[in-house]
Amino acid sequence: MNFEAELQERVSGIEEILRQYLPVEEGYQKTVLEAMNYSVLAGGKRLRPMLMQEVFRLFGGKGRLAEPFMAAMEMIHTYSLVHDDLPCMDNDEYRRGRKTTHAVYGEGMAVLAGDALLNYAFETACKAFSMPEAAQGDGLNRCAKAMAILAGKAGIYGMIGGQTADTEAEELPQEQVTQELLLFIHENKTAALIQSSMMIGAVLAGASDGQLKALERIGSNIGLAFQIQDDILDLTSSLEVLGKQTGSDLKNHKVTYVSLNGMEKSAQEVRRLSEEAIAGLACVAAQEGTPQEEIRRNDFLEKLVEDLITRKK
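Throughout what follows, the structure given in this document is the object of discussion. (Residues numbered from 1 in each chain as written. Predicted model: local features only at pLDDT ≥ 70, side-chain atom pairs only at ≥ 80, totals over all residues. Heavy atoms only, no water.)

Attention now goes to the overall build of the protein chain. Counting its regular elements, the protein chain contains 15 helices and two strands. The C-alpha radius of gyration of the protein chain comes to 19 Å, within 12% of the 20 Å expected for a compact globule of 313 residues. Principal axes of the C-alpha set define a box for the protein chain whose edges measure 55 × 50 × 35 Å. Across the 313 residues in the protein chain, those meeting the buried criterion constitute 54%. A sequence separation of at least 24 residues applies to 75% of the contacts in the protein chain between residues at least 6 apart. (Helix = DSSP H or I, 4+ residues; strand = E, 2+ residues; numbered from the N terminus. Rg over C-alpha atoms; globule rule 2.2 N^0.38 Å. Buried < 20%, exposed > 50% of the residue type's maximum accessible area, 1.4 Å probe, protein only. Contact = heavy atoms within 4.5 Å.)

Following this line, the structure appears as structure tokens:
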């Protein structure tokens, strides 16, 4: 397998899906539509829709039912970045190698663009209900279950809950930011959308509740490892490599996994979480009693997880 070539092919496919679902820039609200599209099309790994697509395939999913949810997930992820970059939050000027949304369109329009992306994400996901695949078998129930996962993991008991704890932690004395609090932040702010992406892909393909629970644990490991690696890169990389400003954690006086545990232990934890996640993916699609030789695998998905967790940018 030529991983880099396959990765680029999948990114290109996801970019095309996103363009199909983004709004047309017209009307009196044209400026916010431009800001939305500018934000979504700024590039990036497209990790979350890609995970959704690959897990959908892992569980035998066919057709295009996952596509509206893939686009919706990237919109939710992008809105969170637009708001994270605001002066009242992380106050970052660069994202994905380009000026951040508020730096181009102004702070007020960036707030509106983030709000619009969140709302439009659910408009987009709802389009799955009218697709031909949804009318087959229990397709509508699968879509409804996927919608519930999307809403829950993006909300107050998911990403927003994690962002709340993260924002408040910045005002605490560093000795009060415990490992438990930090893991809560990472589990929700970062891991929740990764869990959601994988669970939605599985739900739409007909996975069982037990398999969803397993994927939730795997997504947690991936999210935690991804965030710890992000913290490592924030200290060791550069704007030219990452496409965003480094040292922002220090600038904003943030306690991170690295500042609590040190670089060596953090790198060891990334490796441990990565190994557990990949081992889980290797057997998650198997039903009880499935012979080893018949267990479905997705080699690209396993390599993707490994590559993302140990990435250098």
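The tally for this structure, following the rule as stated, stands at one cavity of 30 Å³ or more. Volume-wise, the largest cavity comes out at about 110 Å³. Ser39, Ala42, Val82, Arg95 and Thr101 are, among the 13 residues lining the largest cavity, the residues nearest its centre. At the level of elements, α2 (30-40), α4 (67-84) and β2 (98-99) are the ones that each hand at least two residues to the lining of the largest cavity. For the lining of the largest cavity, the leading source of residues is α4, giving three residues. Of the residues in the lining of the largest cavity, the class split is four nonpolar, four polar and five charged. (1 Å grid on protein atoms, 1.4 Å probe; cavity = no way out; pocket = protein on both sides within 12 Å on 5 of 7 lines; lining within 4 Å. Points joined across faces, edges and corners; volume = space filled by probe spheres on them. Nonpolar A, V, L, I, M, F, W, Y, C, P; charged D, E, K, R; others polar.)

What follows covers the side chain of Ser220. Tracing the backbone shows Ser220 in helix α10 (residues 209-236). A distance of 2.6 Å separates a polar atom in the side chain of Ser220 from a polar atom in the side chain of Glu187. Residue contacts for Ser220: discarding those within four places in its chain leaves Glu187, Ala191 and Gln195. (Polar contact = N/O pair within 3.5 Å; in protein donor to acceptor, adjacent residues only side chain to side chain.)

Attention now goes to the nonpolar core. Formed by 82 residues in total, the largest nonpolar core has its most connected members in Phe59 and Leu215. Top element by residues in this core is α10. It accounts for ten residues. Other than its neighbours up to four places away in sequence, Leu215 contacts Val55, Phe59, Met198, Met199, Ala202, Leu281 and Val284. In terms of nonpolar packing, the next biggest core, distinct from the first, is built from five residues, Ala165, Val177, Ile185 and Val255 among them. (Core = buried A, V, L, I, M, F, W, Y, C linked by side-chain atoms within 4.5 Å.)

Our next topic: the packing of α4 against helix α7 (residues 139-154). When two helices pack together, their arrangement is given by the angle between the helix axes and the distance between those axes. Interaxial distance between α4 and α7 falls to 12 Å at its minimum, and their mutual angle equals 5 degrees. In terms of their interaxial angle, α4 and α7 are classed as roughly parallel. Mapping the contact onto sequence places Phe69, Ala72, Met73 and Ile76 in α4 and Cys143, Ala146, Met147, Leu150 and Ala154 in α7. Grouping the amino acids of the contact of α4 with α7 by side-chain chemistry returns nine nonpolar, no polar and no charged. (Axes fitted to C-alpha atoms, helices over the stretch in contact; angles between N-to-C directions. Parallel < 35°, antiparallel > 145°, perpendicular 65-115°, else oblique.)

Helix length check: α7 (16 residues) gives 23 Å between terminal C-alpha atoms against 22 Å at 1.5 Å per residue, within 8%. Within the sequence span of α7, burial applies to Gly139, Cys143, Ala146, Met147, Ile149, Leu150, Lys153 and Ala154. One side of α7 carries all its buried residues, which in axial view fall inside an arc of 160 degrees. Turned more than 90 degrees away from the buried face of α7 sit Asn141 and Ala148, all of them exposed. In the core, the buried residues of α7 are packed alongside α4, α6 (107-126), α8 (159-169), α9 (179-204) and α10. (Expected span 1.5 Å × (residues − 1). Arc of directions from axis to C-beta.)

This brings us to the packing of aromatic side chains. Under the defined criterion, the tally for this structure stands at two aromatic pairs. Residues Tyr38 and Tyr105 carry aromatic rings whose centres are separated by 5.7 Å and whose planes lie at 70 degrees to one another, so their mutual orientation is edge-to-face. One end of the pair, Tyr38, is in helix α2; the other, Tyr105, is in helix α5 (residues 101-105), with 67 residues separating them in the sequence. Cation over ring: Arg10 sits above Phe300, and NZ or CZ is 3.7 Å from the ring centre. Cation over ring: Arg48 sits above Phe226, and NZ or CZ is 5.9 Å from the ring centre. (Phe/Tyr/Trp six-rings, centres within 6.5 Å; stacked < 30°, edge-to-face > 60°. Lys NZ or Arg CZ within 6 Å of the ring centre and 35° of its normal.)

With that settled, the discussion passes to unusual backbone geometry. Of note in the backbone geometry, Arg46 takes a positive phi value of approximately 55 degrees without being a glycine. Following the sequence through the fold, Arg46 ends up in the loop between α2 and α3 (47-58).

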